[in-house]
Amino acid sequence: SQQGEEDPQALSIQEGENATMNCSYKTSINNLQWYRQNSGRGLVHLILIRSNEREKHSGRLRVTLDTSKKSSSLLITASRAADTASYFCATGPISSGSARQLTFGSGTQLTVLP
Amino acid sequence: NAGVTQTPKFQVLKTGQSMTLQCAQDMNHNSMYWYRQDPGMGLRLIYYSASEGTTDKGEVPNGYNVSRLNKREFSLRLESAAPSQTSVYFCASSATAEQFFGPGTRLTVL
């Protein structure tokens, strides 16, 4: 079963606008990560936020985490056509031994129109 | 520095055939993973290897076997392919929480 569920499933915006994607999860986590997947390619890590953090920034990306609501959001500011991709949240459990097992959500397909 | 490489890129099998998907990483990572991705879904973990010499089942291990050949290589074997195993398979590796992914193998089982 999938730990994370993204919302919306698909999002279409104009270049220059901001894009917000949300992720909800079910069990306690050690960290939450966001990955991007361009069509036909592998996933690329974007940002990681730990369970004791509430907000994190990386360039045009802003991630928030609310552990009380078991939810996270990814904001991409000033979007570009090159941001068109699928975005996945992935949660790392509290106890995963020496392997960092992740559980992925079903993804948000973002389309940025020029 | 190639990162994570996977072979083959594409494969078509008939039901009952066997094959091995190869994965190698050159980042000296201890942990390696195999995922499958079905249309409109996220990735589901098949098997993982926390370190050389160890392997463990993930969420969907049935119908698959793995071998951690050495620190660099982690292979996934389908002994008797079924149409339900039609999917895109991704290998990943990690040293910390962040995982690095290969380009994927698109497998079709007829």
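Below you will find a few notes about this structure.

Rules used throughout
Residues numbered from 1 in each chain as written. Chains lettered and ligands numbered in written order. Predicted model: local features only at pLDDT ≥ 70, side-chain atom pairs only at ≥ 80, totals over all residues. Heavy atoms only, no water. Helix = DSSP H or I, 4+ residues; strand = E, 2+ residues; numbered from the N terminus. Rg over C-alpha atoms; globule rule 2.2 N^0.38 Å. Buried < 20%, exposed > 50% of the residue type's maximum accessible area, 1.4 Å probe, protein only. Areas by Shrake-Rupley, 256 points an atom, 1.4 Å probe, with all protein chains shown as cover. Lys, Arg positive; Asp, Glu negative; His and termini not counted. Charge placed at Lys NZ, Arg CZ, Asp CG, Glu CD. Contact = heavy atoms within 4.5 Å. Pairing = 2+ DSSP bridges. Axes fitted to C-alpha atoms, helices over the stretch in contact; angles between N-to-C directions. Buried area = accessible area lost by both parts, 1.4 Å probe. Salt bridge = Lys/Arg side-chain N within 4 Å of Asp/Glu carboxyl O. Polar contact = N/O pair within 3.5 Å; in protein donor to acceptor, adjacent residues only side chain to side chain. Nonpolar A, V, L, I, M, F, W, Y, C, P; charged D, E, K, R; others polar.

Here we look at the overall build of chain A
Phase 1 of the analysis: Helix and strand content of chain A: 0 helices and 11 strands.
Phase 2 of the analysis: Taken from the N to the C terminus, the helices and strands of chain A come in the order β-β-β-β-β-β-β-β-β-β-β.
Phase 3 of the analysis: For chain A, whose C-alpha radius of gyration is 14 Å, the value lies close to the compact-globule estimate of 13 Å for 114 residues.
Phase 4 of the analysis: C-alpha atoms of chain A, sized along the principal axes, occupy 45 × 30 × 20 Å.
Phase 5 of the analysis: A burial count over chain A gives 46% of its 114 residues as buried.
Phase 6 of the analysis: Of the roughly 5400 Å² that chain A leaves accessible, carbon and sulfur atoms contribute 45%.
Phase 7 of the analysis: Within chain A, one finds 12 positive and 9 negative side-chain charges whose respective centroids are separated by 8 Å.

Regarding the overall build of chain B
Phase 1 of the analysis: For chain B, the helix and strand inventory stands at 0 helices and 11 strands.
Phase 2 of the analysis: Reading the helices (α) and strands (β) of chain B from amino to carboxyl end gives β-β-β-β-β-β-β-β-β-β-β.
Phase 3 of the analysis: A compact globule built from 110 residues would reach a C-alpha radius of gyration of about 13 Å, and chain B, at 13 Å, matches this within 12%.
Phase 4 of the analysis: In terms of principal-axis extent, the alpha carbons of chain B reach across some 35 × 25 × 25 Å.
Phase 5 of the analysis: Of all 110 residues assigned to chain B, the portion counted as buried reaches 49%.
Phase 6 of the analysis: Excluding contacts between residues fewer than 6 apart, the proportion of contacts in chain B whose partners are at least 24 apart in sequence is 54%.
Phase 7 of the analysis: About 5000 Å² of surface is accessible on chain B, with carbon and sulfur atoms providing 49% of the total.
Phase 8 of the analysis: Positive and negative side-chain charges of chain B, numbering 10 and 8 respectively, have mean locations separated by a distance of 7 Å.

Some points on unusual backbone geometry
Phase 1 of the analysis: The step from aspartate 7 of chain A to proline 8 of chain A runs through a cis peptide bond, and the omega angle for that step is 0°.
Phase 2 of the analysis: Within the fold, proline 8 of chain A resides in the loop between β1 (5–7) and β2 (10–14).
Phase 3 of the analysis: The omega angle of the peptide bond from threonine 7 of chain B to proline 8 of chain B is -10°, so this bond is cis rather than trans.
Phase 4 of the analysis: With respect to the secondary-structure elements, proline 8 of chain B resides in the loop between β1 (4–7) and β2 (10–13).
Phase 5 of the analysis: Even without being glycine, alanine 78 of chain A reaches a positive phi, approximately 45°.

What to know about the sheet that holds strand β7 (residues 64–68) of chain B
All names here are of chain B.
Phase 1 of the analysis: With respect to topology, 4 strands assemble into an open sheet ordered β1-β3-β8-β7, the strand pairing being antiparallel. The open sheet terminates on both sides in strands that have one partner only, identified here as β1 and β7. Sheet twist, expressed as the mean angle between neighbouring strand axes with direction ignored, is 20°.
Phase 2 of the analysis: Taken together, the 5 bridges between β7 and strand β8 (residues 74–78) define a ladder with antiparallel strand orientation. Paired with asparagine 65 across the strands is arginine 77, a residue of β8.

Let's talk about the pairing of strand β9 (residues 85–93) of chain A
Residues and elements named next belong to chain A.
Phase 1 of the analysis: Most of β9 sits inside the fold, with 8 of its 9 residues counted as buried.
Phase 2 of the analysis: By the bridge criterion, 8 bridges tie strand β4 (residues 29–37) to β9 in an arrangement that is antiparallel. Residue pairing for β9: glutamine 33 is matched across the bridge by alanine 90.
Phase 3 of the analysis: Alignment of β9 against strand β11 (residues 108–113), held across 3 bridges, turns out to be antiparallel. Its bridge partner lying in β11, serine 86 is registered against glutamine 109.
Phase 4 of the analysis: Here 2 bridges tie β9 to strand β10 (residues 103–104), and the two strands are oriented antiparallel to one another. Bridge pairing in β10 places threonine 91 opposite threonine 103.

Describing the interface of chain A and chain B
Phase 1 of the analysis: In this complex, chain A contributes 21 residues to the contact, which on the side of chain B involves 23 residues.
Phase 2 of the analysis: Around 1700 Å² of area is buried between chain A and chain B when both sides are counted, 53% of it from carbon and sulfur atoms.
Phase 3 of the analysis: The interface formed by chain A and chain B includes 0 salt bridges.
Phase 4 of the analysis: Where chain A touches chain B, the interface holds 4 residue pairs in polar contact (both at pLDDT 80 or more).
Phase 5 of the analysis: Going through the elements one at a time, β4 and β5 (43–50) of chain A are the ones with two or more residues in the side of chain A that touches chain B.
Phase 6 of the analysis: Top contributing element to the side of chain A that touches chain B by residue count: β4 of chain A, with 4 residues.
Phase 7 of the analysis: Its residues placed into classes, the side of chain A that touches chain B shows 7 nonpolar, 12 polar and 2 charged.

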